[in-house]
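Inside the fold
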There are 2 protein chains.
Amino acid sequence: MAKVLTRVELNGVVNDVWVEVPENEPAAWPKQAELAVLGKPLPRVDGPDKVSGRAKYTHDVNLSHMLWMKFFRSPYPHARITSLDTSRAEALPGVKRVYTYENTPDISWYANRSKLFDTTLRFVGDEVAAVVAVDEHIAADALPLIDVEYEEMPYVLDAETALSPDAPAIHEGGPQDAPGARNLQGGRPSLYTRGDVEKGFAEADFVIEHTFRSPCQVHACLETHCSVAAWQGDKLTVWDSTQAVHPVRESLAQILNIPIANIRVICLYSGGGFGSKLWINKYTVLAALAARDLGRPVKVTLDREEDALAMGNRPANVMTIRAGCKRDGTLTALTLKNIGSVGAYNAGAGVGTPLREVYRCPNVSTEESNVYINADVARPHRAPGHVQGTWGLEQVLDILAEKCGLDPLDFRLRNYSDTDQVRNLPYSTKGLREAYEKGAEKFGWRDRTARQALSRGPKKRGFGLATQIWGGAGGPPGYAVVNLYSDGTAAVFSGGQDIGSATRTSMLQVAAEELGLPADKLSIVMGDTQGTPYGFVSGGSRTTPSQAPAVRMAAAEVKGQLLELAGKQMNLPAQRLSTREGYVFDTQNPSTRKPIAEVTKELQFGFGTGDRVQNMLIGKGWRGPNPADVSVNSWGAQFAEVEVDIETGEIRVLRIVAAHEAGRLVNPLTASSQIEGGVIQGLGFALFEERVLNNASGRMVNANLHDYKIPTMKDIPEIESVLIDLPDARANSVGVKGLGEPPIIPTPGAIANAVADALGVRVFETPMTPQRVLEALEKGLVLRAQPEEGRRA
Amino acid sequence: MAKVLTRVELNGVVNDVWVEVPENEPAAWPKQAELAVLGKPLPRVDGPDKVSGRAKYTHDVNLSHMLWMKFFRSPYPHARITSLDTSRAEALPGVKRVYTYENTPDISWYANRSKLFDTTLRFVGDEVAAVVAVDEHIAADALPLIDVEYEEMPYVLDAETALSPDAPAIHEGGPQDAPGARNLQGGRPSLYTRGDVEKGFAEADFVIEHTFRSPCQVHACLETHCSVAAWQGDKLTVWDSTQAVHPVRESLAQILNIPIANIRVICLYSGGGFGSKLWINKYTVLAALAARDLGRPVKVTLDREEDALAMGNRPANVMTIRAGCKRDGTLTALTLKNIGSVGAYNAGAGVGTPLREVYRCPNVSTEESNVYINADVARPHRAPGHVQGTWGLEQVLDILAEKCGLDPLDFRLRNYSDTDQVRNLPYSTKGLREAYEKGAEKFGWRDRTARQALSRGPKKRGFGLATQIWGGAGGPPGYAVVNLYSDGTAAVFSGGQDIGSATRTSMLQVAAEELGLPADKLSIVMGDTQGTPYGFVSGGSRTTPSQAPAVRMAAAEVKGQLLELAGKQMNLPAQRLSTREGYVFDTQNPSTRKPIAEVTKELQFGFGTGDRVQNMLIGKGWRGPNPADVSVNSWGAQFAEVEVDIETGEIRVLRIVAAHEAGRLVNPLTASSQIEGGVIQGLGFALFEERVLNNASGRMVNANLHDYKIPTMKDIPEIESVLIDLPDARANSVGVKGLGEPPIIPTPGAIANAVADALGVRVFETPMTPQRVLEALEKGLVLRAQPEEGRRA
């Protein structure tokens, strides 16, 4: 049982009461207009530090006597090391040590399929050796002095080829060598079925099938991966650009076989992770090992090329979607066959969730294959699978809508689902209808034909929309501690990580609201295992819904203590008191009040003030389990207006209206920022980003930000956020859901639909480059005219 | 009510049970032979860092772009500034700012009797201005360029003169100008009386009266005072060589009017404080102000001279003690008149506690005057008052013992007190009798006459003893947090400060014992306000008795959670389980056990392991109030053997046996270290240390470690500790009392008595320099022959 402070409004009197609740049913913080801090546009508390350059990132950490580590990486996509000689490198003055498979502990990696240093290399960029030298330049100079001989092996770079029976085997032994399952991770595809798809297609008036191809994207974090490791005796401190200081600490303890208690991991600020910094990396382990061996701190920073070659990516997918609907637009069947390239080691490349979950459809099946190829291993990349899957699905919806002669929005409303069809559960809340309505209104969706007239010459306007689902429930483990000091100010210690999404600011607001203090009376510490309780990775849009309830519970515990103290001072029962805007007040007579800072003065302590027990009020909170009887999700819809030049093939996105619902709106300012960031990254997926591997060498030819294009200021359209504030009382005690990933999900689909609307043809492959647009126009793939898309029945 | 885990032994089965106890009666941790970690000689956990130089002190903190601050200090003992021109100093290239009373916020200091910078200077070393420059040397070069004109004022350097009606007034206005109370702090002496001293003296067979003079000593910390202040936006970080990171943070918040929550104070290691670093100093405030003004970190380190001039001292005292006893040795009356020189501002210079408390005596009065003089302000200095007071009292005891023909030890046993006569309370425990017995046995006290024969030529042997009391109860506020991690290792976060007394080690032992883990599975964080709950100053021997119960309670809470977890895994009720040496075991069948690290494995978390709430077990503990119905004290007796050369006057201390009782013995190794440090400092008081002020200038002539003598390796005798392990069940849940100050207290008295035993004459003034020894011999102050000491009645 958990004790949760719940705000109750009864006959116009607001009161906070402690309620014993089962831990899987935390009491909700009811929606109310009276919130003082929560829901307000508080500028991010670490904004000034960031824009002034005062915020210190891992790249900024430089310690005296620090050594530098640089990696020698495989130039081949598949090879065996036949000889390795580091003597010339070690002889270079300033080089302290060269680490290879020969002198490094036998630490397994990639789910026991490889090691820290392996003798078989399975992708270009795979780690062969690491040089430690007195500075970065000497370390770099030593790399070409490492003499390696290889036995090159046959390789394969795309998933479809890798599945063919004569493809080279990337791993020896195991189920992937079973007939028909060569290089297939786990030996078989993962399958899902509900209803009877054959029956569903038979009932359909229209059936279509299309194949969508999305290539691999890299995360392209502003701050490349890096770590600094320093020992003091048997105590290890690691500065790591990570999304997860606590889990990295746990992993280090396990890998190095030292107590968790002896490790401190720090990442106060990080320049982006997007899923590529969720867990520990080889370079961090090696920096720690080298720092211990050499008795000096060791720093390692990957360069842009290394980041692109070896730090993960969004996998390439080939998705074939078949869909059927009745003439009135009712979906009857949906199937997906997905082939995803996970890279050289185990990873996930599934894309089926949106297809299985977003729209009401009784007959659905998906078959998804994760396929090994000789390239870097996939990692979660902001809304993994959902971006690709939604991009494909939403185009299929539009094609069907057109067949039915329905407006795309009406088609979607026709197939609106009120239950989670995969789990057979009701939704806790679902603000998608409101997102459609408010988004369409803001965008002027119903009047868009008037704007179509703005097309001038070769520049064609188009309008599209797409829908988004994301399982934004978060969950345990998540802890927080809140301290209230004798001057009436408070500090929040959160195990979560602020990965740039303003978590510091929103957690501070949650604590401020609960404590009844103005936000400027609080500070917050995150990103340092010293002084913060455990928090899981900041990823999966879990940070806010996982941490906020823990922060609230910690603040509520402190508030309880504060009210006890105030009750004694004010001669009122604590149960009758509450706090607001810096005051403790009598809920039965709100004009009777006392500043919190006056109440806490009693906590001040000096010599001679006697046996006072308290000085600092301390509260501890944790995140309870998720409810088992509802499905918790974040929802959204985006509307895109584009202009396509049919002569140059250039797509210009003019405007995105992004309407999102993620439970309680904690901060409209930071929520809008989050949405803008997601839209921009979605724009990159749609129009620019693609890892290009050269078939002849297996190498990535655009492992830099000159050739690998991400959106720049000039590419960014007007982005308008529509924020649906819908506290989700069943989700958790703050009513919040995740908003980290949602905004990237519908952007590519909305843009693709807008492009098709502008051109009358579709581009079935991302990025939608001018070249592909022109090819599509040339092929004259006018959808309306394609015979195979007509009714089959 | 507090919930405390109590170890209960019943029919040979040890079990831990949760007991609800009133907070002022914490359940005791019974003494038992079965403790696994507590009471064991664990080497200090930070020892390797300290001896290897890896431990970083405030002096070691250097930040990029850091500025340096240096102080211009008053050269006069009493003066008014008539003009102050900083323009030449400011014009020196590299100087960034000069702070004076003209451009510094109006911050009051010295209990509102002065300011951060005052225009009236009341002692040599008083702060006049502070230069901030790009490096230490330029800052120093700028000091002589500050042009100050003064109006010199009459001054007084000793308390007896300061009390005379024609002495210059150090402060204008106030009660100190009342007739007969010139320069008397508070306008009157503080008085204490019990019984009827006149009657007591009338009943005495012997009455003696002597005046003892002890000069001022400085603390002479190995690490001089220093701070580094750095701002990041509105957040302030201060590295400070302090005994109290949390109180310094509170003071900074108050003085700078910023939230406590925005300040972090760090002092991981400090090179001694001894009471001189208990609270915030002007230089710390100025460093913070300057760092904010100039936008760069500011470092300030005082040099040895500044430390001696302005960072506090043990005040000089003139103590007149009159004592009477019956022929059988029973004390009948004791009076003390003490004149203490507090320096230019309010401080404490009382010495009466030992006289009022150590021995049973029905008729006692003390009259103590704190007197202003034109010199630096006194601060607590290891066992303030007790060192001087005990030194005088213990000599009086020996003189009376000789009159009665009693052995000094028997005389003390005759007057052994079983109750606290000041508070009319029984003692919680009192191990003094055991200290006398075991100390005397170790020393060979009863056989000492045999050793007297070792005197050769001019070198005379002598033997002496002295007793010690110290109110070592500690008390609230004190907090601790203990975390148990998924690998079965734990970390302790304590608000206390390890000021060199091995607090890290002993707190770790307390947590290890409670958790049932080997000590090497724990780490501890102290001395950083980030990540530790509040702790009060580490001073007054309060650290261990204040922090240990908090640490134990926090560990017990974690243990409760661990046993719950283990109970589920082992299918046993948690109440039946306990822990020991890394295992959870069934108390009813101890061979059924499971490693703690196996139990906690369940806490490991990764993606896909579901809705687990816990990852890290967190416990919070606090120190409850002291019991009101007993008096809690630490006790001890020291025995000294000396050799005095009657030709040179040189005293050589050959041996000290120090028998101390401070409740439960946490760690014999670190307890012995603590005792050795105290004895050495006591030796300095007895033989070497004296601040010398020149009457003509008011200046200190030995403000350096060449002229101000502290003991060196060559002066240190053989020190043998006798550790009385007597857990004090009433004191707190760990049974510990303070041992920080006790060992310095009896050393000077024991040495003085040994010197008198060797010479047959007494030296009534410290330090007992060769000069004073020779003078005493010359005056022939043979005590036995003094007529005024004979019976008066």
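Worth saying up front: this structure is predicted, and the values here are computed from it rather than measured.

Before going further, it helps to examine the overall build of chain A. From N to C terminus, chain A includes 19 helices and 34 strands. Over its C-alpha trace chain A gives a radius of gyration of 28 Å, about what one expects of a compact globule, namely 28 Å for 793 residues. In terms of overall dimensions, chain A has a C-alpha envelope of 85 × 75 × 50 Å along the principal axes. Here chain A holds 793 residues, and 64% of them are scored as buried. Long-range pairs, those at least 24 residues apart, make up 78% of the contacts in chain A between residues at least 6 apart in sequence.

What follows deals with the relation of the copies chain A and chain B. Structural alignment of chain A on chain B gives an RMSD of 0.1 Å, achieved by rotating through 179 degrees and translating 0.1 Å along the axis. A rotation of that kind, with that shift, is consistent with a two-fold axis. Minimal C-alpha distance to the rotation axis in chain A is attained by Gly 531 of chain A, lying at 1.5 Å.

Once that is clear, we can look at the domain arrangement of chain A. What the domain assignment reports for chain A is domain 1 (61–153 + 225–301), domain 2 (157–218 + 310–409) and domain 3 (474–622). Using only C-alpha atoms to locate each centre, domain 2 of chain A and domain 3 of chain A end up separated by 46 Å.

Right, let's get into the interface of chain A and chain B. Contacts between the two partners involve 64 residues from chain A and, on the opposite side, 64 residues from chain B. Interface area, chain A with chain B, both sides summed: about 4700 Å², of which 57% is carbon and sulfur. At the junction of chain A and chain B, the tally comes to two salt bridges. Between Lys 620 of chain B and Glu 557 of chain A there is a salt bridge, with its nearest N and O atoms 3.5 Å apart. On inspection of chain A and its partner chain B, the count reaches 24 residue pairs in polar contact (both at pLDDT 80 or more). Counting only elements with at least two residues in the side of chain A that touches chain B, the list comes to α6 (245–256), β26 (490–494), β27 (522–525), α15 (543–570) and β31 (617–622) of chain A. When residues in the side of chain A that touches chain B are grouped by element, the largest group, five residues, is from α6 of chain A.

What follows is about the sheet that holds strand β33 (residues 651–661) of chain A. Residue and element names in this part refer to chain A. Read from one edge of the open sheet, four strands run β24-β32-β33-β34, paired in mixed fashion. Of all the strands in the sheet, the pair left with one neighbour each is β24 (459–470) and β34 (718–724). Each strand of the sheet is rotated relative to its neighbour by a mean of 15 degrees, with strand direction disregarded. For strand β32 (residues 634–645) and β33, the ladder comprises 10 bridges, and the chain directions are antiparallel. Looking across to β33, one finds that Ala 637 is bridged to Ala 659. Of the strands in this sheet, β24, β32, β33 and β34 touch helix α12 (residues 432–443), which is tilted by about 30 degrees from β32. Where helix α17 (residues 668–687) meets the sheet, its contacts fall on β32, β33 and β34, and the angle it forms with β34 comes to roughly 130 degrees.

With 12 of 12 residues buried, strand β32 (residues 634–645) of chain B is to be regarded as a mostly interior element. If you look at the hairpin formed by β32 of chain B and strand β33 (residues 651–661) of chain B, you'll find five residues sitting between the two strands, and Gly 649 of chain B has a positive phi there, around 80 degrees.

What counts and what doesn't
Residues numbered from 1 in each chain as written. Chains lettered and ligands numbered in written order. Predicted model: local features only at pLDDT ≥ 70, side-chain atom pairs only at ≥ 80, totals over all residues. Heavy atoms only, no water. Helix = DSSP H or I, 4+ residues; strand = E, 2+ residues; numbered from the N terminus. Rg over C-alpha atoms; globule rule 2.2 N^0.38 Å. Buried < 20%, exposed > 50% of the residue type's maximum accessible area, 1.4 Å probe, protein only. Contact = heavy atoms within 4.5 Å. Least-squares fit on C-alpha atoms with pLDDT ≥ 70 in both. Domains from an automatic or database assignment. Buried area = accessible area lost by both parts, 1.4 Å probe. Salt bridge = Lys/Arg side-chain N within 4 Å of Asp/Glu carboxyl O. Polar contact = N/O pair within 3.5 Å; in protein donor to acceptor, adjacent residues only side chain to side chain. Pairing = 2+ DSSP bridges. Axes fitted to C-alpha atoms, helices over the stretch in contact; angles between N-to-C directions.

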